[in-house]
Amino acid sequence: MNKPVMPASSLSLKLPTAGGGIETYRLAASRSFPARLEGPLNRVAFSAAHVVADPMADVDPWLTAAVDWDKTIAFREHIWDLGLGVAEAMDTAQRGMGLDWPTSLELIQRSVRAAKARGNALVFSGAGTDHLATEDAKSLDDVIRAYEHQIAAIEKAGGRIILMASRALAKIARHSDDYAEVYARVLSQVKEPVIMHWLGDMFDPALSGYWGAADPGKAMDTAVAIINAHSSKIDGVKISLLDKQREIDMRRRLANGVKMYTGDDFNYAELIAGDDKGYSHALLGIFDAIAPAASYALSRLAASDAQGFHDVLGPTVPLSRHIFKAPTRFYKTGIVFMAYLNGHQDHFTMVGGQESTRSTLHLAELFRLADQAGLLANPELATRRMKAVLAVHGIEA
């Protein structure tokens, strides 16, 4: 359902339009959301949180990740204040796309410590095989040892595991039995139940054909069989295919007690709301950018206010679909731009220099959609910062 129409504010700025034009855009009246969770939740919801780059570091951004640790942890505190969990060191943090394993491990260690200092705030952390170069993976044992290495490091830090998809496994596996063997051996060793992650190739082209089949239906058969065979070791599964029906189909096939965590940044509102046969929990990159609205909407859902849930979360979906549009792997630029507009960091600089992966037109439309969904926490600040970015690209106020 659409959010009620709000009157325009007195703020305006010039934004580029398709075809090379410029328009004067007038902002809608601002909409505020609580800075802390109000009431209990009846869904488990994680934000896959980004890292804040250090713009003052003397590094080559394409080659070396420089992280502002204070701002990065402060952002996680913001997520926890809202009652959401943190999915740490995932692709939103540019894991495997600028953030290497040693830096990811430091991020995980710092985040777990911060969570424990709050009385065990919710945090799960990504364990993968990204320290193993795909060209160096010669056997399934190489992949298994790589998983074991990262799992051991995270568990030593006191962390819980999100078992990430492996580029190395996608490269060397020949059929579904190879996936079954790797996951059986890895899952047999974890100390606590993990969240499995099926990341589609729209997010990472190197994962094409994961689970041993190019056909998504056959791939799902393999994934479900593995998950259900090891259900005592699995808290849930995050599916990131941007296909709501496949998620619903898989959700209905999971063993009792195994949660479905939606990773569908196109259709999350209806998947979280669910139907008479069940619902999805959430582990979403977009919840980084819309955390206050997501928290409030989820609290309304828990209070049996379905109308309030949809009125808040529904208008965020067009923004999410824009941020995650193809090439989807560049969605991280929009996530960090939202953090910049909303004052969570003082610059628009990214690990890997990925602030350059989206066009000025893309960022302008992001601004419009964020405003129309009431997601600009401080419209005056956001407008000032949008004007500064546009000026760098030749569009003067």
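1. A short note on the overall build of the chain
Scanning the chain for helices and strands turns up 15 helices and 10 strands. Computed over C-alpha atoms, the radius of gyration of the chain comes to 21 Å, within 12% of the 21 Å expected from 2.2 N^0.38 for 397 residues, which places it in the range of a compact globule. Across its three principal axes, the chain shows a C-alpha extent of roughly 60 × 55 × 45 Å. Evaluated residue by residue, the chain yields a buried proportion of 55% over its 397 residues. Pairs at least 24 apart in sequence give 69% of the contacts found in the chain among residues at least 6 apart.

2. Some details on helix α10 (residues 291-302)
For α10, built from 12 residues, the straight-helix expectation of 16 Å at 1.5 Å per residue is met to within 8% by its first-to-last C-alpha distance of 16 Å. For α10, the full list of buried residues reads A291, A293, A294, S295, A297, L298, S299 and L301. Close packing links the buried residues of α10 with β3 (45-48), α1 (69-81), α8 (268-273), α9 (286-289), α11 (306-313) and α12 (316-323). One or two steps after α10, the chain reaches S304, where phi turns positive at roughly 65 degrees.

3. Some words on the packing of aromatic side chains
The tally for this structure, following the rule as stated, stands at 17 aromatic pairs. Relative to Y183, the ring of Y147 has its centre 6.2 Å away and its plane inclined at 50 degrees; by these criteria the two rings are tilted. With Y147 in helix α3 (residues 140-156) and Y183 in helix α5 (residues 176-187), this pair connects stretches of sequence that are 36 residues apart. This pair shows no difference in class: Y147 is buried, exactly as Y183 is.

4. Points about the sheet that holds strand β10 (residues 281-284)
To summarise the sheet geometry, strands pair through backbone hydrogen bonds and adopt either a parallel or an antiparallel arrangement. Read around the closed barrel, the eight strands follow the order β3-β4-β5-β6-β7-β8-β9-β10; overall the barrel is parallel. Geometrically, the sheet is characterised by an average inter-axis angle of 30 degrees between neighbouring strands, direction not taken into account. As defined by bridge partners, strand β5 (residues 123-127) adjoins strand β6 (residues 160-163) across four bridges and the pair is classed as parallel. In the sheet register, S125 faces β6, and the bridge partner there is I161. Relative to the sheet, helix α2 (residues 101-117) contacts β4 (85-88) and β5, its axis offset from that of β5 by approximately 165 degrees. Along the sheet, helix α6 (residues 216-229) makes contact with β7 (194-199) and β8 (234-240), crossing β7 at roughly 170 degrees.

5. Focus: helix α15 (residues 379-392)
Its 14 residues give α15 an end-to-end C-alpha distance of 20 Å, which sits within 8% of 20 Å, the value for a rise of 1.5 Å per residue. All of the buried residues along α15 are P379, L381, A382, T383, R385, M386, V389 and L390.

6. Regarding the nonpolar core
Core analysis: the largest hydrophobic core is formed by 126 residues, its most contacted members being Y183, M196, M250 and F287. No other element matches α3, which puts eight residues into this core. In contact with M196, other than residues within four places in its own chain, are L163, Y183, L187, W211, I226, I227, I234, G236, V237 and K238. Counting 10 residues, the second largest nonpolar core, distinct from the first, contains F46, M90, F124 and M164.

7. Re the confidence of the model for the chain
For the chain, mean pLDDT is 95; residues scoring 70 or higher make up 98% of the total. Below pLDDT 50 for its whole length, residues 1-5 participates in 12 contacts with residues either more than four positions away or in separate chains.

8. Some points on unusual backbone geometry
Here the bond from A326 into P327 is cis, since omega is -5 degrees, no more than 30 degrees from zero. As for its placement among the helices and strands, P327 is situated in the loop between α12 and α13 (331-341).

9. Concerning the side chain of H347
Mapping H347 onto the fold places it in the loop between α13 and α14 (360-372). Within the structure, H347 has its side chain in polar contact with the backbone oxygen of A53 (distance 3.0 Å). A polar side-chain atom of H347 sits 3.2 Å from the main-chain amide nitrogen of T349. Ignoring sequence-local partners within four residues, the contact set of H347 consists of V52, A53, P55 and Y340.

10. Concerning the pattern of salt bridges
Here the structure, examined in full by the defined rule, presents 21 salt bridges. In this structure, R110 engages E106 in a salt bridge whose closest nitrogen and oxygen atoms are separated by 3.0 Å. Within this pair, R110 and its partner E106 are both found in helix α2, separated by four residues, close to a single helical turn. We classify E106 as partly exposed; its relative accessible area is 30%. R253 is the salt-bridge partner of D221, the closest N and O atoms lying 3.0 Å from each other. Of this pair, D221 sits in helix α6 while R253 sits in the loop between α7 (244-251) and β9 (259-262); the two residues are 32 residues apart in sequence, bridging distant segments of the chain.

11. Some details on the pairing of β5
By the criterion of burial, β5 is predominantly enclosed, with five of the five residues buried. Both β4 and β5 contribute to a ladder of three bridges, which runs parallel. Bridging across to β5, V86 finds its partner in V123. The parallel pair β4 and β5, bridged by α2, forms a crossover whose chirality is right-handed. Between β5 and its parallel partner β6, the chain crosses via α3, and the hand of that crossover is right-handed.

12. Observations regarding the environment of A165
For A165, the position within the fold is in the loop between β6 and α4 (167-172). Sequence separation between A165 and H149 is 16 residues, and the spatial gap between their C-alpha atoms is 15 Å. Setting aside chain neighbours within four positions, we find A165 in contact with Y147, Y183, H197, L207 and Y210.

Conventions adopted
Residues numbered from 1 in each chain as written. Predicted model: local features only at pLDDT ≥ 70, side-chain atom pairs only at ≥ 80, totals over all residues. Heavy atoms only, no water. Helix = DSSP H or I, 4+ residues; strand = E, 2+ residues; numbered from the N terminus. Rg over C-alpha atoms; globule rule 2.2 N^0.38 Å. Buried < 20%, exposed > 50% of the residue type's maximum accessible area, 1.4 Å probe, protein only. Contact = heavy atoms within 4.5 Å. Expected span 1.5 Å × (residues − 1). Phe/Tyr/Trp six-rings, centres within 6.5 Å; stacked < 30°, edge-to-face > 60°. Pairing = 2+ DSSP bridges. Axes fitted to C-alpha atoms, helices over the stretch in contact; angles between N-to-C directions. Core = buried A, V, L, I, M, F, W, Y, C linked by side-chain atoms within 4.5 Å. pLDDT = per-residue confidence, 0-100. Polar contact = N/O pair within 3.5 Å; in protein donor to acceptor, adjacent residues only side chain to side chain. Salt bridge = Lys/Arg side-chain N within 4 Å of Asp/Glu carboxyl O. Right-handed = clockwise from strand over helix to strand, strands pointing away.

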